Amino acid sequence: MIEIRIHGRGGQGAVLAAELLVHAAFAEGKFGQAFPAFGGERRGAPVQAFVRLDKSPVRVRYRVYRPDYVVILDRTLPDMIDVLDGLRPDGVVLIDSARPPATLSWSADAPVYAIPATAIAMEVFGQPLVNPAMLGALAAITSEISLLSIQDAFQRRFPGSLGEKNGLAAQMGYDHVLKPDVLPVRVTRSPHVRGVGQASAPDAGLGAPGHPLHFGLVVAPRTSLAYPTGGWRYARPAVDADICNGCGLCVAFCPDSSLTIVEKQAIVDYMYCKGCGICSKVCSRGAIAMMSEEG
Amino acid sequence: MDKPAVDPYQKMMFAPGHRACPGCGASIAVRLVLEATGPDVIVVSPTGCLETFTSPYPYTPWGVPWLHVLFENAAAVASGVEAALRSRGSSDRVRVIVIGGDGGTYDIGLGALSGMFERGHDVLYVCYNNEAYMNTGVQRSSATPLGTATMTSPATGQAWGEDRPQKDLPAIAMAHQIPYVATASVAFPADLRRKVKQAMAIRGPKYVEVHSPCPIGWGYDAAETVELARLAVNTGLVPLYEAAAGQQLRVRKIQQRLPVTEYLRRQRRFHHLFADANGAHLVSIQSVADGNVNRWALEG
Ligand code: SF4
Ligand code: SF4
């Protein structure tokens, strides 16, 4: 049995990727299961999907804790969660990144393939639909599943030209990995990366994370301040200090209470701002511009 | 820019770090409501998005005491909390509010809400209305407007989305002869805060409804939440008014009324209405807006 864990952000298609992978396996007469894990999180938040593939029926019913493959759909995720948690010693990592893996931060040593899936998707769809290129690359790295079955799975889900585009993107991901100069890079643990989790746990005493009591307890006010939702952001509001006059209009509309006025200036708290862009739309002076988070 | 030296969250009643989708209208509504009530409140919430995104244990954005109860009984529990405060002699200092979505208010909790109104509890019930069950993946509620496509009111074949008129819950509240009923919108924060303050100044049951767009369920870019809320008001689809003891007090006039298509065409949930065959339905939706304008004298 091989076990795969897919990390993505809500809305990015990690769950779909897991599902199609198993459909592809079915078509080859294999068995498999795919299921997601998410909590109260919403669009943009980190999500996981799990896949098991085997020659005989898969009877276990729990999350993948010891993955053979980790597929990461967004290169900002290693900063947010421990994507390498439990990776087997011979496990392999695939990440969508145009940057060399060694320049990203990692919580452990591992062999990592960087797949330019966003670039491929922009070329094929004009939109960052990274799934097909990542699954195509996975097909090239593991012999468990063929490219053709993956392409067929996309075609069945998206009949017509959209399916063909998905097939093309999968082919491009596959071809990328087979280039002679594309090899996995052995990354090492970056010193500044915390081992696990999003943030230090709030000091809530009884019932704090890890504590056995997990329900029916009163927690301290505002413990969510220990949960920085800023990592969900795709775009960042930048306030032009010369234009902003501190009127405070934007503050009234921020869904994430992430704006304050200090000395007649709007200040964004990037720790929590989810980058919705509302502030930029409501400012009548045009003082806030939305900038891409991709650098 | 650096974080301000003074911790802006020290006294905040609805802190960041909650897990609502980017651009969530309900989060704007909740913060504005609490800014108007002040910190001396106990909040009760039924099941819904608000409950889900504010309660992944042990992370809470609430800076005031908050209770999550069942979908159907928020008004009943709030009644009990209020009665307990009264018997302990602290009902002057601490007030009770409910904040719930349209599913828990219009549909599942309606019986308990009616009972709370009838018994005359000193509770402010705030409904953030995003016009469907968003938490579970966009199913219709009785607050879903005419023509809306949802998972359970799909627009396929002959079907053109929700084909039953929206329930008029503020009118049902008014029919209980309670001392204050108001409708508000996240697009008009000052108006919303004033209405909540007004409600808190009155003893007895109050109902305030806040129209709160949902980027996911309605299908639009998160940045447009406030613009859409404003368009809903300026087309006449969401009339903003106040009423007391069953009588209309005042309305927010529309300066320049826009056709409903200006509002509808910007949302995926209404896209099917712009197919040729559905022109007649656009006319029905326009007549809903016209009816509101006449009934509440929204123009002039
Ligand atoms: S609305 Fe514009 S001018 Fe006013 S405080 Fe915000 S950024 Fe500054
Ligand atoms: S983009 Fe603006 S309105 Fe949206 S969360 Fe960030 S600061 Fe708040």
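Numbers given for residues are sequential positions, taken from 1 along each chain in its written order. Throughout, the order in which chains and ligands are written sets their labels, letters from A for the former and numbers from 1 for the latter. Only residues with pLDDT of 70 or above have their local features reported here, since the model is predicted, and side-chain atom pairs are shown and tallied only from 80 upward, although totals for entire chains, interfaces and linings are computed over all residues. Side-chain calculation: all heavy atoms of the structure are included, whereas hydrogens and water are not.

### Side note on the overall build of chain B
Then step 1. Along the backbone of chain B there are 11 helices and 8 strands.
Then step 2. In this description the radius of gyration comes from C-alpha coordinates, and the expected globular size is given by 2.2 Å times residues to the power 0.38. Scaling as 2.2 N^0.38, a compact globule of 300 residues should have a C-alpha radius of gyration of about 19 Å, and chain B matches this with 19 Å.
Then step 3. With the principal axes as the frame, chain B shows a C-alpha extent of 60 × 50 × 35 Å.
Then step 4. When a residue's accessible area, from a 1.4 Å probe over protein chains only, is under 20% of the maximum for its type it is buried; when over 50% it is exposed; and in between it is partly exposed. For chain B, the residues scored as buried account for 61% of the 300 residues in total.
Then step 5. For chain B, the computed accessible surface area is about 11500 Å², with 53% contributed by carbon and sulfur atoms.
Then step 6. Two residue types count as positive, namely Lys and Arg, and two as negative, namely Asp and Glu; His and chain ends fall outside the count. For charged residues, the charge sits on one atom: NZ in Lys, CZ in Arg, CG in Asp, CD in Glu. Computed over 28 positive and 26 negative side-chain charges, the separation of the two mean positions in chain B equals 5 Å. Numbering of helices and strands starts at the N terminus; helices are DSSP runs of H or I of at least 4 residues and strands are runs of E of at least 2. Only the protein chains shown count as cover for residues, with accessible areas throughout obtained via the Shrake-Rupley method and a probe of 1.4 Å.

### Considering the site of ligand 1
Residues and elements named next belong to chain A.
Then step 1. For each residue, the test is whether any non-hydrogen atom lies within 4 Å of the molecule or strand; if one does, the residue is near. Cys244, Cys247, Gly248, Cys250 and Cys283 are the nearest of the 13 residues found near ligand 1.
Then step 2. A pocket here means an open set of points on a 1 Å grid, computed over the protein atoms alone, that has protein on both sides within 12 Å along at least five of seven lines. A cavity is instead a set of points where a 1.4 Å probe fits but cannot get out; residues with an atom within 4 Å of a point line either one. A molecule is counted as occupying a cavity or pocket when more than half of its atoms fall within 2 Å of that pocket's grid points. Counting atoms within 2 Å of the grid points, the majority share of ligand 1 lands in the second largest cavity.
Then step 3. Side-chain classes follow a simple rule in which Ala, Val, Leu, Ile, Met, Phe, Trp, Tyr, Cys and Pro form the nonpolar group, Asp, Glu, Lys and Arg form the charged group, and the remainder, Gly included, forms the polar group. A class-by-class count of the residues in the shell around ligand 1 yields 9 nonpolar, 3 polar and 1 charged.

### Here we look at unusual backbone geometry
Residues and elements named next belong to chain B.
Then step 1. Even without being glycine, alanine 245 reaches a positive phi, approximately 45 degrees.
Then step 2. Looking at where alanine 245 falls in the secondary structure, it is placed in the loop between strand S7 (241–244) and strand S8 (247–251).
Then step 3. Assessed through its relative accessible area of 40%, alanine 245 is described here as partly exposed.

### Side note on the packing of aromatic side chains
Then step 1. Think of it this way: a Phe, Tyr or Trp ring, Trp meaning its six-membered ring, pairs with another when their centres are within 6.5 Å, and the plane angle makes it stacked under 30 degrees, edge-to-face over 60, tilted otherwise. One pass over the structure, following the stated rule, counts 12 aromatic pairs over all chains.
Then step 2. Between Tyr241(B) and Trp296(B), the ring centres sit 3.6 Å apart and the planes meet at 10 degrees, which makes this aromatic pair stacked. Placement of the pair is Tyr241(B) in strand S7 and Trp296(B) in helix H11 (residues 279–296), with a sequence separation of 55 residues.
Then step 3. On the basis of relative accessible area, Tyr241(B) is assigned to the buried category, the value being 3%.
Then step 4. Taken together through their ring pairs, the aromatic side chains of Phe14(B), Trp62(B) and Trp66(B) make up a single cluster.
Then step 5. Only Lys NZ and Arg CZ are tested; either one counts as a charge over a ring when it is within 6 Å of the ring centre and within 35 degrees of the ring normal. Sitting above the plane of the Tyr234(A) ring, Arg9(A) keeps its charged end 4.4 Å from the centroid.

### A few points about the packing of helix H4 (residues 131–141) of chain A against helix H6 (residues 161–178) of chain A
All names here are of chain A.
Then step 1. Direction vectors running N to C along H4 and H6 enclose 45 degrees, while the axes themselves pass 7 Å from each other. Here H4 is positioned oblique relative to H6, judged by the angle of their axes. The crossing of H4 and H6 is right-handed. Side by side, H4 and H6 meet where Pro132, Ala133, Gly136, Ala137, Ala139, Ala140 and Ile141 of the first sit next to Asn166, Ala169, Ala170, Gly173, Tyr174, Val177 and Leu178 of the second. Axis angles are defined between N-to-C directions and span 0 to 180 degrees, where every axis is a line fitted to C-alpha atoms and, for a helix, only to the segment in contact. By definition in this entry, angles of less than 35 degrees are roughly parallel, angles greater than 145 are roughly antiparallel, angles of 65 to 115 are roughly perpendicular, and the rest are oblique. Helix crossings fall into two classes, left-handed where the near helix is turned counterclockwise from the far one by less than a right angle and right-handed where it is turned clockwise. Working rule for contacts: check all heavy atoms of both residues, and any pair within 4.5 Å makes them a contact.

### As for the confidence of the model for chain A
Residue and element names in this part refer to chain A.
Then step 1. On average, residues of chain A score 88 in pLDDT, and 88% of them are at 70 or above.
Then step 2. The model gives residues 194–209 a pLDDT under 50, and that stretch makes 32 contacts with residues more than four places away or in other chains.
Then step 3. Scored from 0 to 100, pLDDT records how confident the predictor is in each individual residue. The low-confidence segment residues 211–215 (pLDDT under 50) makes 6 contacts with residues lying over four places distant or belonging to another chain.

### Some details on the sheet that holds strand S4 (residues 69–72) of chain A
Residues and elements named next belong to chain A.
Then step 1. Pairing is mixed in the open sheet, where 7 strands are placed in the order S2-S3-S1-S4-S5-S6-S7. The sheet terminates laterally at strand S2 (31–37) and strand S7 (185–187), the two strands that pair on one side only. This sheet shows a mean twist of 25 degrees between the axes of neighbouring strands, independent of strand direction.
Then step 2. In terms of strand pairing, strand S1 (residues 2–9) meets strand S3 (residues 46–54) through 8 bridges, oriented antiparallel. Along S3, the bridge assignment pairs isoleucine 6 with alanine 49.
Then step 3. This element, H4, spans S1, S4, strand S5 (92–96) and strand S6 (110–115) of the sheet and lies at about 155 degrees to S5. Two strands qualify as a pair provided DSSP detects at least 2 bridges between them.

### A short note on the nonpolar core
Buried together is how nonpolar side chains tend to be arranged in soluble globular proteins.
Then step 1. Membership of the largest hydrophobic core comes to 79 residues, with the highest contact counts inside it found for Leu34(B), Trp62(B), Ile97(B), Ile99(B), Tyr263(B) and Leu264(B).
Then step 2. With 8 residues, helix H1 (residues 25–37) of chain B is the single largest residue contributor to this core.
Then step 3. If near-sequence neighbours (up to four positions away) are discounted, Trp62(B) is found in contact with Pro221(A), Arg222(A), Met13(B), Phe14(B), Val30(B), Leu34(B), Val43(B), Leu50(B), Thr54(B) and Ile99(B). The criterion is simple. A nonpolar core is a set of buried Ala, Val, Leu, Ile, Met, Phe, Trp, Tyr and Cys residues joined through side-chain atoms within 4.5 Å.

### Points about the domain arrangement of chain A
Then step 1. Where each domain starts and ends comes from a domain assignment, either automatic or drawn from a database. Each assigned domain of chain A is listed with its residue range as follows: domain 1 (2–187) and domain 2 (233–292).
Then step 2. Of note, the centres of domain 1 of chain A and domain 2 of chain A, computed from C-alpha atoms alone, are 35 Å apart.

### Looking at the site of ligand 2
Then step 1. Within the structure, ligand 2 sits among Pro237(A), Cys254(A), Pro255(A), Leu259(A), Val268(A), Cys273(A), Lys274(A), Gly275(A), Cys276(A), Gly277(A) and Cys279(A).
Then step 2. In this structure, ligand 2 is accommodated by the largest cavity.

### Let's talk about the interface of chain B and chain A
Then step 1. Contact with chain B, which involves 46 residues of that partner, is made by 46 residues of chain A.
Then step 2. Each of two parts loses accessible area, computed with a 1.4 Å probe, when they are put together; buried area is these two losses added. A combined buried area of about 3800 Å² lies between chain B and chain A, and 61% of that area is made up of carbon and sulfur atoms.
Then step 3. Any pair of nitrogen or oxygen atoms within 3.5 Å is treated as a polar contact; in protein, a donor-acceptor pairing is required on top of that, and neighbouring residues in sequence qualify only through side-chain atoms on both sides. Counting every contact that joins chain B to chain A gives 19 residue pairs in polar contact (both at pLDDT 80 or more).
Then step 4. Ranked by residues supplied to the side of chain B that touches chain A, first place goes to H1(B) with 4 residues.
Then step 5. Of the residues assigned to the side of chain B that touches chain A, the class counts are 28 nonpolar, 10 polar and 8 charged.

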